[in-house]
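Chain residues, written in single-letter form:
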Amino acid sequence: MASSLAFWDGIASDWDREIRDVGNDYWTYLQKPALERMVAPKAGEHALELATGNGLVARFLAQYGVDVLGTDGSPKMVSLASARTVVGEPSAGSLRFQQLDVSSESEVDAFIAERTAQLAGGADIVTMNMAIMDIEDLQPLAKLLKHLLKPVTGRFVATLLHPFFFTNNATRTVEVDEDANGRRRVVRSIKVKEYLEVAPHKAGLYLPQSSADDVVFHRPIHALLAPFFAVGLVVDALEEPNFDESFMDETRPYGSKSFTQIPKILALRLRLPKPA
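Bear in mind that the values here come from a model prediction, so they are computed numbers and not experimental data. (Residues numbered from 1 in each chain as written. Predicted model: local features only at pLDDT ≥ 70, side-chain atom pairs only at ≥ 80, totals over all residues. Heavy atoms only, no water.)

Across its full length, the protein holds 7 helices and 11 strands. Over its C-alpha atoms the protein spans a radius of gyration of 20 Å, differing by no more than 12% from the 19 Å that the globule rule assigns to 276 residues. Principal-axis analysis of the C-alpha atoms gives the protein an extent of 75 × 45 × 35 Å. Going through the 276 residues of the protein one by one, you find that 48% of them count as buried. Within the protein, contacts between residues separated by at least 24 positions form 73% of all contacts whose residues are at least 6 apart in sequence. A total accessible area of about 13200 Å² is found for the protein, and carbon and sulfur atoms account for 52% of it. (Helix = DSSP H or I, 4+ residues; strand = E, 2+ residues; numbered from the N terminus. Rg over C-alpha atoms; globule rule 2.2 N^0.38 Å. Buried < 20%, exposed > 50% of the residue type's maximum accessible area, 1.4 Å probe, protein only. Contact = heavy atoms within 4.5 Å. Areas by Shrake-Rupley, 256 points an atom, 1.4 Å probe, with all protein chains shown as cover.)

Put into structure tokens, the structure is as follows:
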């Protein structure tokens, strides 16, 4: 995980300039609506935001009156997220940030001990937006959820690149059909060559100021969920958000937004059932 954290530290400023306080299309039209539906935040609840980046999701939750602790393994990201929290703005008093590498078992253990003493009954909300595919080992995360998520009513909501279509080196295909009368139809599809076993690989992250490659850890859905099932979590909601045809760009027929039948992300909600 050290190399991934170094990557995010290195691009943190560029990421912050791109995402700002309003996010991008993926946030506005896919991630935020899914989080609103699946988290359903309520004033007075306690939330833990993991891999918070520049604090976009943490600020979103705080707007509902939720008490939010945003964490990230990148010190630079934590600094940028804190800088975007303006003292005196609505809900700013319920929003704070600290460093936490959720892939580090020792850091997770120390964090569990600290938060257990501070938060009786557990967290109502834990979120991780578009980061699970950046984490090599999910066991410490699963352990954190087992110890800190409030049973029954607590919910862990995560979004990630869709594992069937976007972390397995799938090939985008654009075909043009033409009938005898010259009528043309553009057909877009995804060719999946590997799914069950895909080695970690570098994927491009493109920003207006720079481009860089981060390591992506593909997991088929059963492997993605296995660490959470092992500690007793259950899935009670799942969505596959996508852009509609209004986002199609005919100048970029291969652009992912033009593949309106292929979901871009997967959104999951997990809970701890009532103890037996």
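Its location among the elements puts arginine 252 in the loop between β10 (234-239) and β11 (265-271). Placed 202 residues apart in sequence, arginine 252 and leucine 50 show a C-alpha to C-alpha distance of 34 Å.

On inspection of all chains with the given rule, the structure shows 17 salt bridges. Between aspartate 14 and arginine 17 there is a salt bridge, with the nearest N and O atoms lying 2.3 Å from each other. Residue aspartate 14 and its partner arginine 17 are both found in helix α1 (residues 2-19); the two are separated by 3 residues, about one turn of the helix. (Salt bridge = Lys/Arg side-chain N within 4 Å of Asp/Glu carboxyl O.)

Here we take up the nonpolar core. One broad trend across soluble globular proteins is that nonpolar side chains are buried collectively. Formed by 40 residues in total, the largest nonpolar core has its most connected members in Met128, Leu141, Leu144, Phe156 and Phe228. The set of elements that each furnish at least two residues to this core consists of β1 (46-50), α5 (105-118), β4 (125-129), α6 (139-148), β5 (155-161), α7 (221-230) and β11. The element that contributes the greatest number of residues to this core is α6, accounting for 5 residues. Discounting chain neighbours no more than four positions away, the residues touching leucine 141 are Leu50, Val102, Met128, Phe156 and Phe228. Met38, Leu95, Ile125 and Ala237 belong to the second-largest nonpolar core, a separate cluster that totals 23 residues. (Core = buried A, V, L, I, M, F, W, Y, C linked by side-chain atoms within 4.5 Å.)

By themselves, these figures tell us nothing about what the structure is for.
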